[in-house]
Amino acid sequence: MLKIVLFFLSMSCSFMAAASAGNFYRDFDLTWGDHRAKILDGGNLLTLSLDQISGSGFQSKREYLFGRIDMQLKLVAGNSAGTVTAYYLSSEGPNHDEIDFEFLGNLSGDPYIVHTNVYTQGKGGREQQFYLWFDPTKNFHTYSILWNPQRIIFLVDNTPIRVFNNEESIGVGFPKKQPMKLYSSLWNADQWATKGGLIKTDWSKAPFTAYYKSFNANACVWSRGSSSCANSKSTPRPDGFGNNNNGWQTQGLNAPGRRRLRWVQRYYMIYNYCTDLKRFPQGRPRECRRSRF
């Protein structure tokens, strides 16, 4: 098992490409939590904190309609049970679209759970959950959303963990008309986050802090009713991950990408709504009957 993990980690590193880091002063607004949200190091580092009074959050100044979004996060260390660090794209309104990463804290020594979901027209319920193959509190790791008109790919350190395909042809909604901002927040969710709410937040360990750096948006910016990509043309990259150029606009997974996705889903997936037959006694959702690739 260790050899398999090391092999795929080495593959992941070989596909990484340098990304130009954004500046948090330029790219984001601190939206709630007062002094608990901070921009430091000349705009190169952002921190969110949670205490018994409040959590905190931020959002991007820009809206995007398709793109690849990368951010490096270092999650709350130690006993993080009851806390949730959310990192997601979302539009506004009751019929909003949303593409979610949520990191569910746990007791010291127990692994974080990465919770993913996709909302279309206000409807979610498409959860997949994973453990990670590393400790996300020790160092920064890159969490990415690749979103184009054909599919959504969730990536961790450039390793794909989930693909949500556009299946509108069989009546499944897909987020493609509503521009979204990038949001993140750190908040208390001990009524459900850890072991179904059995483990509560230990406030003696507060404040809890998450760290962010190296934001990059290779994306179509939506402004005044039009997209910055309206007249652009692109050629997909051969690596299959749409990394750092406009190849993301049409990109899917190639054979190495599919192998890496299968590895994650075999060894690290802990929940998949598509296999939860008790939840769907009348039959699985339509998209679950198609190939996941």
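If you're wondering where the values come from, they're calculated on a predicted model, not measured in any experiment.

1. Thoughts on the packing of aromatic side chains
Phase 1: Counted under the stated rule, the structure contains 19 aromatic pairs.
Phase 2: Aromatic pair F28 and F58: ring centres 5.1 Å apart, planes at 85°, arrangement edge-to-face. Highlighted residues: F28 in strand β1 (residues 28–32) and F58 in strand β4 (residues 56–60), separated in sequence by 30 residues.
Phase 3: When the ring of F101 is compared with that of Y143, the centres are 6.1 Å apart and the planes differ by 70°; the resulting orientation is edge-to-face. You can see F101 sitting in strand β7 (residues 98–104) and its partner Y143 sitting in strand β10 (residues 141–147), a full 42 residues away along the chain. The pair F101 / Y143 is uniform in exposure class, with both members buried.
Phase 4: Clustering of aromatic rings is evident, with ring pairs tying together F24, F28, F58, Y212 and F215.
Phase 5: A cation over an aromatic ring shows up here: K74 above the ring of Y211, its NZ or CZ 5.2 Å from the ring centre.

2. Quick look at the sheet that holds strand β8 (residues 113–119)
Phase 1: Pairing is antiparallel in the open sheet, where 8 strands are placed in the order β1-β4-β13-β6-β7-β8-β9-β16. Unpaired on one side and paired on the other, β1 and β16 (269–272) mark the two borders of the sheet. Taking each pair of neighbouring strands and ignoring which way they run, the sheet shows an average axis angle of 15°.
Phase 2: By the bridge criterion, 8 bridges tie strand β6 (residues 83–90) to strand β13 (residues 181–188) in an arrangement that is antiparallel. When the bridges of β13 are listed, Y88 appears paired with Y183.

So, how was this worked out
Residues numbered from 1 in each chain as written. Predicted model: local features only at pLDDT ≥ 70, side-chain atom pairs only at ≥ 80, totals over all residues. Heavy atoms only, no water. Phe/Tyr/Trp six-rings, centres within 6.5 Å; stacked < 30°, edge-to-face > 60°. Helix = DSSP H or I, 4+ residues; strand = E, 2+ residues; numbered from the N terminus. Buried < 20%, exposed > 50% of the residue type's maximum accessible area, 1.4 Å probe, protein only. Lys NZ or Arg CZ within 6 Å of the ring centre and 35° of its normal. Pairing = 2+ DSSP bridges. Axes fitted to C-alpha atoms, helices over the stretch in contact; angles between N-to-C directions.

In short, geometric facts, not functional conclusions.
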